Amino acid sequence: DAGVTQSPTHLIKTRGQQVTLRCSPKSGHDTVSWYQQALGQGPQFIFQYYEEEERQRGNFPDRFSGHQFPNYSSELNVNALLLGDSALYLCASSRDPGLDSPLHFGNGTRLTVT
Amino acid sequence: GQQVMQIPQYQHVQEGEDFTTYCNSSTTLSNIQWYKQRPGGHPVFLIQLVKSGEVKKQKRLTFQFGEAKKNSSLHITATQTTDVGTYFCAGVGSGGSNYKLTFGKGTLLTVNP
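Okay, so let's go over this structure. (Residues numbered from 1 in each chain as written. Chains lettered and ligands numbered in written order. Predicted model: local features only at pLDDT ≥ 70, side-chain atom pairs only at ≥ 80, totals over all residues. Heavy atoms only, no water.)

Examining the pattern of salt bridges
Residue and element names in this part refer to chain A. So the rule is basically this: Salt bridges are identified by distance alone: a Lys or Arg side-chain nitrogen within 4 Å of an Asp or Glu carboxyl oxygen. The numbering of helices and of strands both runs from the N terminus, where a helix is a DSSP run of H or I of at least 4 residues and a strand a run of E of at least 2. Here the term buried applies to any residue with accessible area under 20% of the maximum for its type, exposed to any over 50%, and partly exposed to those in between, with areas from a 1.4 Å probe on protein chains only.
For the structure shown, the criterion picks out five salt bridges over all chains. Two residues, R63 and D85, come together in a salt bridge whose shortest N-O distance is 2.9 Å. Placement of the pair is R63 in the loop between β6 (53-57) and β7 (64-68) and D85 in the loop between β8 (74-78) and β9 (87-94), with a sequence separation of 22 residues. Across the pair, D85 and R63 agree in class, each one buried.

What follows is the structure in structure tokens.
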């Protein structure tokens, strides 16, 4: 039973560029959340997708957008990259109904913006 | 907005000593979850507490949820080198359509063998 898979594992981009990160949830899970984790910090909630719609959003600018596909996989897009966007981006899946469902995290994508 | 604070930020212990990390929320929580992240790894779910005053045990780990559902603690008895990692608490605010899990900054535990 495959867990949460994310791609790519590492990425180096230049300021101003755009990036797309991908996530496949754990089998049987239909909800995907994205988190940003800066070095030495806790994960910060970006947004959550359920039934192909953004259900809730954290305090992130519109440069951060996402999508969920019919097979429950998800993408995170970041436009106009800033140096401060350098972080580990974690995808987490869960089985809705949601509040009691623990999150299963992927290994993350390490994004470096130069 | 909701804030979750954890103390201490770091804790270094000798193997065999006990360890406790504390978590406080600025708002009442519907539930609280604990995760462990090993160095270079991703957060892994440990446990969820839902009821006021709830206490749960997993072998050497004891988790508590405060009566007011605003604070929680994790206690490890007789630490081992395998306990090394960062322990995060994460809470969901009560009321409304809130699906956001807010993480604390974590407590980094190192264990000297």
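Next comes the rest of the description.
Some details on the interface of chain B and chain A
Quick note on the threshold: Contacts between residues were defined by any pair of non-hydrogen atoms, one from each residue, lying within 4.5 Å. Defined here as a combined quantity, buried area equals the accessible surface (1.4 Å probe) lost by two parts on assembly, summed across both. In protein, a polar contact requires one atom able to donate a hydrogen and another able to accept it; more generally it is a pair of N or O atoms within 3.5 Å, and residues adjacent in sequence count only if both atoms are side-chain atoms.
Of the residues lining the interface, 19 residues belong to chain B; the matching set on chain A comes to 20 residues. Counting the surface lost from both chain B and chain A, the interface buries some 1,700 Å², and carbon and sulfur atoms represent 54% of this. Summed over the shared surface of chain B and chain A, the result is zero salt bridges. Along the contact surface separating chain B from chain A lie five residue pairs in polar contact (both at pLDDT 80 or more). Those elements giving two or more residues to the side of chain B that touches chain A turn out to be β4 (29-37), β5 (44-49), β9 (85-93) and β10 (101-103) of chain B. For the side of chain B that touches chain A, the element with the highest residue contribution is β4 of chain B, accounting for five residues.

A word on the state of the cysteines
Which entries qualify depends on this criterion: Pairs of cysteine sulfur atoms within 2.5 Å are what we label disulfides.
Scanning the model with the defined rule gives two disulfides over all chains in all. One disulfide in the model links C23 of chain A with C91 of chain A; its S-S distance is 1.8 Å. Every disulfide takes its handedness from the sign of the S-S torsion; for C23 of chain A and C91 of chain A that torsion is -60 degrees, giving left-handed. Here C23 of chain A is found in strand β3 (residues 19-24), whereas its partner C91 of chain A is found in strand β9, with 68 residues between them in sequence. Each member of the pair C23 of chain A and C91 of chain A is classed as buried. Across the disulfide, C23 of chain B is cross-linked to C89 of chain B (sulfur-sulfur distance 2.0 Å). In this structure the cystine formed by C23 of chain B and C89 of chain B twists about its S-S bond by roughly 80 degrees; its chirality is therefore right-handed.

Overview of the sheet that holds strand β8 (residues 71-76) of chain B
All names here are of chain B. Operational definition: Should DSSP find at least two bridges between two strands, the strands are regarded as paired. Every axis in this analysis is a line fitted to C-alpha atoms, fitted for helices over the stretch in contact. Angles between the N-to-C directions lie between 0 and 180 degrees.
Read across the sheet, five strands follow the order β1-β3-β8-β7-β6 without closing on themselves; strand pairing throughout is antiparallel. Of all the strands in the sheet, just β1 (4-7) and β6 (55-58) have a single pairing partner and so form its edges. For this sheet, the mean inter-axis angle between neighbouring strands, taken without regard to orientation, is 15 degrees. In this structure, β6 lies alongside strand β7 (residues 61-65), joined through four bridges in antiparallel fashion.

Focus: the packing of aromatic side chains
Selection rule: To pair, rings of Phe, Tyr and Trp, with the six-membered ring standing in for Trp, must have centres within 6.5 Å; the planes then decide the type, stacked if under 30 degrees apart, edge-to-face if over 60, and tilted in the middle.
Scanning the entire structure with this criterion turns up twelve aromatic pairs over all chains. With centroids separated by 5.1 Å and ring planes inclined at 65 degrees, the aromatic side chains of F60 of chain A and F64 of chain A adopt a geometry described as edge-to-face. With respect to class, F60 of chain A is no different from F64 of chain A; both count as buried. Ring geometry for W34 of chain B against F63 of chain B: centres 6.4 Å apart, planes inclined by 55 degrees, an arrangement best described as tilted. Here W34 of chain B, found in strand β4, pairs with F63 of chain B, found in strand β7; they are 29 residues apart in sequence, far enough to count as distant. Considered together, W34 of chain B and F63 of chain B belong to a single accessibility category, that of buried residues. A network of ring pairs unites the aromatic residues Y35, F45 and F105 of chain A together with Y35, F45, F88 and F103 of chain B as a single cluster.

Nothing here speaks to function; it is geometry throughout.
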